[in-house]
Amino acid sequence: MANTQVRQQARWARGTRLLKNALAELSEAFAAQRLQLAAKAAVAAGVAFLIAPHMPGAAANYPYYAPLGALVAMYHNVAGSVKQGLQALTGLGLGIGLAVVLVSVTDPSPLTVAVFMGIGVLLGGLPRIGSGSDWIPTAALLVLLVGGSNPDDFSFGYLLQMGVGVAVGIAVNFLLWPPLHLKAAAASLDDLRCALGQQLTDMGKALKEEWPPEHEAWSKRSDELAEAARSVRHLVKEADASRRANPRRKLHPRDVDLDYRNLRELERVTFHIQDMTDVLSDVIWVSDAPYAVPVQDSEPLADAMTATGELLRSFSDSDEPTQRERFQAAREAVEACMAATASREPTGDAVPASESILLSLHRILRAVRPAD
């Protein structure tokens with residue numbers, strides 16, 4: 001009976017976890033940014049299809065490729081729309097040229113189609129062609145299959161309609177509320193600072209608890225902190241890309257270069273805190289670790305870690321004078337701990353880990369030192 005209940009509880013927990021993950025993915029799929037992109041894609045496709053029948057000559061016979069071009073060019077920032085649209089048109093041009101060469105040289109056959117598709121995939125490896133690489137064999141195959149006995153008219157109409165669609169997609173993305181992702185980048189930097197500060201604070205508490213400490217969640221956050229730093233880098237790069245060719249950037253000025261500098265500093269801080277986490281976890285839970293934290297170092301080391309953690313957390317909600325005060329407090333706590341460890345008599349055979357942790361704290365303070 002007990003085993004049955006355990007299995008039922010495990011299934012229930014697994015089902016609850018899967019449901020939460022599904023709801024999170026659904027929420028992300030219908031986020032405001034995604035809904036805005038979907039609305040603009042719909043507008044662009046409709047406008048492109050409205051224009052398509054008015055194209056000259058045989059191009060008017062292939063109106064459905066215009067909305068396809070609009071969708072191809074739709075991206076979550078203006079610069080990306082331009083880049084993606086031009087890459088697609090480049091790939092189309094190469095693919096159409098490849099098909100024209102095939103028709104001119106020989107009749108399509110399984111062997112010749114295979115050879116030219118292989119060439120198309122090879123051409124997809126050209127530098128800077130990006131997303132256009134997929135369009136090379138696709139366009140060549142469409143010309144052969146749909147163009148039939150009149151590949152020239154189809155090639156002209158296909159390329160022109162796609163070009164019109166790409167132009168419409170870029171124009172719609174430029175004119176209809178071009179997205180800026182500056183707030184997300186700023187918020188992610190603040191969140192990472194707070195997470196790093198909380199990690200230091202939690203480790204400081206662990207040093208003052210009876211070992212092994214009751215609270216051990218901090219010891220499992222090393223990978224989470226690394227993933228958070230990678231996510232912040234991605235968001236800062238997205239913010240930078242969203243400013244390019246964006247007419248709204250003048251209304252929302254932001255020093256993205258400063259964001260990159262802050263990001264590099266936080267990446268260094270993350271590295272040092274990961275190292276401290278690994279060292280302290282080994283000291284507490286690994287019985288044969290070759291290093292240890294002497295008992296007399298625990299109190300000053302905890303104070304230094306806590307003060308540094310409070311400093312990191314202060315960057316999100318404190319003014320500059322307060323940040324300078326907390327920086328000074330953190331530096332004094334680190335220096336006091338260094339003085340205490342320097343005057344300590346060596347004990348036991350284990351190498352003291354205090355010096356390693358203090359070195360990391362010193363480097364963290366150097367990374368976040370306020371500008372003079």
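Details of the structure are given in the entry above.
Bear in mind the structure is a predicted one, so any value in this text is a computation, not a measurement.

### Quick notes on the overall build of the protein chain
Assigned secondary structure in the protein chain consists of 13 helices and two strands. Taking all 372 residues of the protein chain together, 42% fall into the buried category. Summed over its atoms, the accessible surface of the protein chain is roughly 20500 Å², and 59% of this surface lies on carbon and sulfur atoms.

### Examining helix H3 (residues 65-73)
An α-helical segment advances 3.6 residues per turn. Residues three or four places apart therefore align on the same side. Of all nine residues in H3, seven are buried, a share of seventy percent or more. Taken as a whole, H3 has its buried residues at Tyr65, Ala66, Pro67, Gly69, Ala70, Val72 and Ala73. Where H3 is buried, its residues contact helix H2 (32-51), helix H4 (78-105), helix H6 (135-146) and helix H7 (151-175).

### Side note on a positive patch on the surface
On the surface, Arg261, Arg264, Arg268, Arg331, Arg363, Arg366 and Arg369 cluster together into a patch of positive charge. Elements that contribute at least two residues to the positive patch include exactly helix H10 (256-285) and helix H13 (354-367). Per element, the largest residue contribution to the positive patch is three residues, and it comes from H10. With a relative accessible area of 49%, arginine 366 lands in the partly exposed category.

### So, the packing of H3 against H7
Close contact between H3 and H7 brings their axes to 6 Å; oriented N to C, the two are set at 45 degrees. The orientation of H3 relative to H7 falls into the category oblique. Crossing of H3 over H7 shows right-handed handedness. Contact residues: H3 offers Tyr65, Ala66, Leu68, Gly69, Ala70, Val72 and Ala73, while H7 offers Phe154, Tyr158, Gln161, Met162, Gly165, Val166, Gly169 and Ile170.

### Side note on the pattern of salt bridges
As enumerated under the stated definition, the model contains twelve salt bridges in all. For arginine 313, the salt bridge identified is with glutamate 310, shortest N-O distance 3.6 Å. Taken together, the residues span about one helical turn, with arginine 313 and glutamate 310 both in helix H11 (residues 295-317) at a distance of three residues. Classification of arginine 313 by relative accessible area gives partly exposed; the value is 28%. By relative accessible area, which is 30% here, glutamate 310 ends up partly exposed. By sharing partners, the salt bridges in this structure join Lys208, Glu299 and Asp303 into a single network.

### A look at the nonpolar core
Within soluble globular proteins, side chains that are nonpolar tend to cluster in buried spots. Ile273, Leu280, Met305 and Leu361 are the most contacted members of the largest nonpolar core, which totals 48 residues. Within the residue set of this core, elements represented by two or more residues are helix H8 (182-208), helix H9 (222-243), H10, H11, helix H12 (320-342) and H13. Among all residues touching leucine 361, those that are not within four sequence positions of it are Leu200, Met276, Ala304, Met305, Thr308 and Val334. Counting residues in hydrophobic clusters, the runner-up holds 18 residues, among them Leu98, Leu102, Ala139 and Tyr158.

### Focus on the packing of H2 against H3
Close contact between H2 and H3 brings their axes to 8 Å; oriented N to C, the two are set at 150 degrees. Here H2 is positioned roughly antiparallel relative to H3, judged by the angle of their axes. Of the two possible hands of crossing, H2 and H3 adopt the one that is right-handed. Contacts between H2 and H3 involve Ala41, Ala44, Ala45, Ala48 and Phe49 on the former and, on the latter, Ala66, Pro67, Ala70 and Leu71. Residues belonging to the contact of H2 with H3 are distributed by class as follows: nine nonpolar, no polar and no charged.

### What about a negative patch on the surface?
Together, Asp223, Glu224, Asp275 and Asp278 make up a negatively charged patch on the protein surface. Listing elements by their share of the negative patch, those giving two or more residues are H9 and H10. One can find aspartate 275 in helix H10. Residue class for aspartate 275 comes out partly exposed when judged on its relative accessible area of 33%.

### Topic: the packing of aromatic side chains
Counted according to the given criterion, the structure contains six aromatic pairs. Taken together, a centroid distance of 5.1 Å and an interplanar angle of 85 degrees make the contact between tyrosine 62 and phenylalanine 154 edge-to-face. Remark: phenylalanine 154 occurs in helix H7 and tyrosine 62 occurs in the loop between H2 and H3; sequence separation between them is 92 residues. Since its relative accessible area comes to 0%, phenylalanine 154 is described here as buried. Look at tyrosine 65 and phenylalanine 154: their rings are 5.9 Å apart centre to centre, the planes differ by 80 degrees, and that puts the pair in the edge-to-face class. Taken together, the positions of tyrosine 65 in helix H3 and phenylalanine 154 in helix H7 put the pair 89 residues apart, joining distant regions of the chain. The residues tyrosine 65 and phenylalanine 154 share a single accessibility class, namely buried. Taken together, the ring pairs in this structure connect Tyr62, Tyr65, Phe154 and Tyr158 into an aromatic cluster.

### Details of the environment of leucine 50
Relative to the helices and strands, leucine 50 resides in helix H2. With 17 residues separating them along the chain, leucine 50 and proline 67 place their C-alpha atoms 9.1 Å apart.

### Brief notes about the environment of alanine 195
Here alanine 195 shows up in helix H8. For alanine 195, a relative accessible area of 32% gives the class partly exposed. Along the primary structure alanine 195 and threonine 270 are separated by 75 residues, whereas in three dimensions their C-alpha atoms are 9.7 Å apart.

Cut-offs used in this document
Residues numbered from 1 in each chain as written. Predicted model: local features only at pLDDT ≥ 70, side-chain atom pairs only at ≥ 80, totals over all residues. Heavy atoms only, no water. Helix = DSSP H or I, 4+ residues; strand = E, 2+ residues; numbered from the N terminus. Buried < 20%, exposed > 50% of the residue type's maximum accessible area, 1.4 Å probe, protein only. Areas by Shrake-Rupley, 256 points an atom, 1.4 Å probe, with all protein chains shown as cover. Contact = heavy atoms within 4.5 Å. Patch = residues over 30% accessible without salt bridge, like charges linked within 9 Å, V, L, I, M, F, W, Y side chains within 5 Å. Salt bridge = Lys/Arg side-chain N within 4 Å of Asp/Glu carboxyl O. Lys, Arg positive; Asp, Glu negative; His and termini not counted. Charge placed at Lys NZ, Arg CZ, Asp CG, Glu CD. Axes fitted to C-alpha atoms, helices over the stretch in contact; angles between N-to-C directions. Parallel < 35°, antiparallel > 145°, perpendicular 65-115°, else oblique. Left-handed = near helix turned anticlockwise from the far one by under 90°. Core = buried A, V, L, I, M, F, W, Y, C linked by side-chain atoms within 4.5 Å. Nonpolar A, V, L, I, M, F, W, Y, C, P; charged D, E, K, R; others polar. Phe/Tyr/Trp six-rings, centres within 6.5 Å; stacked < 30°, edge-to-face > 60°.

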